[in-house]
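Notes for the structure review
Below, each chain spelled out in residue letters.
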Amino acid sequence: MMNETFTIAGVTFRNRVLVASGTFGYGDEVPELVDADKLGGIVTKSLSMKPRDGNPAPRIAETASGMLNSIGLANIGVQKFIDEKIPKLSSFASTVIANIAASSVEEYCAVLEALDPFKVVAGFEINVSCPNVKEGGLSFGTDKVKVALITRELRRRTKKPLIIKLTPNVTHISEFALAAESEGADAVSVINTLIGMAIDIRTRKTRISTITGGLSGPAIKPIAIAKVYEVYRAVQIPIIGIGGITSWEDAVEFLLAGASAVQIGTYNFVDPSAGVKVAEGIKLFCEKQSIGNVGELVGAMEAQRSLSVIESWL
Ligand code: DHB
């Protein structure tokens, strides 16, 4: 039997394919569209303490092989999540990770403490890298001291897996991964969206109300792979690779670069069952290659280190 599972801090995921925060709602809206139980896990939309309306429209724009978004952390708030979503999530076979976004260290802690008692919340992914809000967001994620501080404070408050989602909008992402690891993070998610911008040449207006937005989709995949590789060489904790995955082949690329698991994000808007298909594709690939455990692929790219021109800073 092929072993598709993997474990973060004692929590087992049935396979290595999760759906990314913000692309699958709170996990309860898609049951007719996709058999979510076949996913490794579901990461729910970022939760803040109070409900948020998010940014004004337009907040999504399509670009070449990508998507710009500036949702502004629209969400129902932690109390409504507890009252209305947690009861529905309890019947899920796949692992549920709650993503948290906040504008202060205190708010991160309060949201985590509110969710921690619920068994169905298996772990936390901490969004320190939303590019679309004035307070918190990127101002945390681009400051190593703040990433370390948030990780430390949250670590004291939960025994569940603590995953820090890192932004690529920095010079050396591995330094941020090290900061999270040194304060007790169990894993890092690599990468969040890249800051991008697009202008409608006829109206001369930006295509996103907040002028810039977060770029995702296949356009960012090679960047994401390079960031996963950089982080893999720097830390011991598992990496969850994210960025433009549309197929199982893309996912295997991330695994070879050093990701222990992957998340499917933007492509869920094209095909909500993409995650299930990617997981099945990885399984078949491993069976054909006589690989008994998908984990054998993690970091297993052929070493060509001497050829790397970025060796000096990796
Ligand atoms: C939002 C957008 C992102 O790209 C992200 O990583 C997190 C949050 C948002 O605007 O809600």
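Above this text you will find the structure in question.
Residues numbered from 1 in each chain as written. Predicted model: local features only at pLDDT ≥ 70, side-chain atom pairs only at ≥ 80, totals over all residues. Heavy atoms only, no water.

Looking at the pairing of strand β6 (residues 66-69)
Burial of the side chains of β6 extends over both faces: G66 and L68 are buried on one face and M67 and N69 on the other. Inspection of the sheet shows strand β5 (residues 60-63) paired to β6 by 4 bridges, in the antiparallel sense. Among the inter-strand pairings, E62 is bridged to a residue of β6, identified as M67. Here β5 folds back onto β6 in antiparallel fashion, the turn holding 2 residues, of which S65 has a positive phi close to 55°. Pairing of β6 with strand β14 (residues 212-216) involves 3 bridges; the strand directions are antiparallel. Within β14, the residue paired with L68 across the bridge is L215. (Buried < 20%, exposed > 50% of the residue type's maximum accessible area, 1.4 Å probe, protein only. Helix = DSSP H or I, 4+ residues; strand = E, 2+ residues; numbered from the N terminus. Pairing = 2+ DSSP bridges.)

Some words on the environment of I42
Tracing the sequence through the fold places I42 in strand β4 (residues 41-43). Along the sequence, I42 and S94 sit 52 residues apart, while their C-alpha atoms lie 7.0 Å from each other. The contact partners of I42, leaving out residues within four places of it in the chain, are V19, F24, G27, A36, F92, S94, T95, V96 and I97. (Contact = heavy atoms within 4.5 Å.)

Remarks on the site of the ligand
Close to the ligand lie K45, N69, S70, I71, G72, L73, N127, C130, P131, N132, N192 and T193, which account for all nearby residues. Here N132 contributes a side-chain N or O atom positioned 2.9 Å from an oxygen atom of the ligand. Relative to its free-state accessible area of 290 Å², the ligand is covered by the protein chains to the extent of 92%. Class assignment of the residues belonging to the shell around the ligand gives a composition of 4 nonpolar, 7 polar and 1 charged. (Near = heavy atom within 4 Å. Polar contact = N/O pair within 3.5 Å; in protein donor to acceptor, adjacent residues only side chain to side chain. Areas by Shrake-Rupley, 256 points an atom, 1.4 Å probe, with all protein chains shown as cover. Nonpolar A, V, L, I, M, F, W, Y, C, P; charged D, E, K, R; others polar.)

What about the pattern of salt bridges?
Should the charged atoms of two oppositely charged side chains come close, the side chains can pair. For the coordinates displayed, the defined rule picks out 15 salt bridges. Here E113 ties to R157 by a salt bridge, and the two come within 3.2 Å at their closest N and O atoms. With E113 in helix α2 (residues 105-115) and R157 in the loop between α4 (144-155) and β9 (162-165), the pair connects residues that are 44 residues apart, well separated along the chain. Judged by its relative accessible area of 43%, E113 is partly exposed. Judged by relative accessible area, R157 falls into the partly exposed class, the value being 26%. Residues E183 and R152 are paired through a salt bridge, measuring 3.1 Å at the closest nitrogen-oxygen approach. Separated by 31 residues along the polypeptide, E183 in the loop between α5 (173-182) and β10 (187-190) and R152 in helix α4 bring together distant segments of the chain. One continuous salt-bridge network, built from bridges that share partners, spans D28, E29, K85 and K88. (Salt bridge = Lys/Arg side-chain N within 4 Å of Asp/Glu carboxyl O.)

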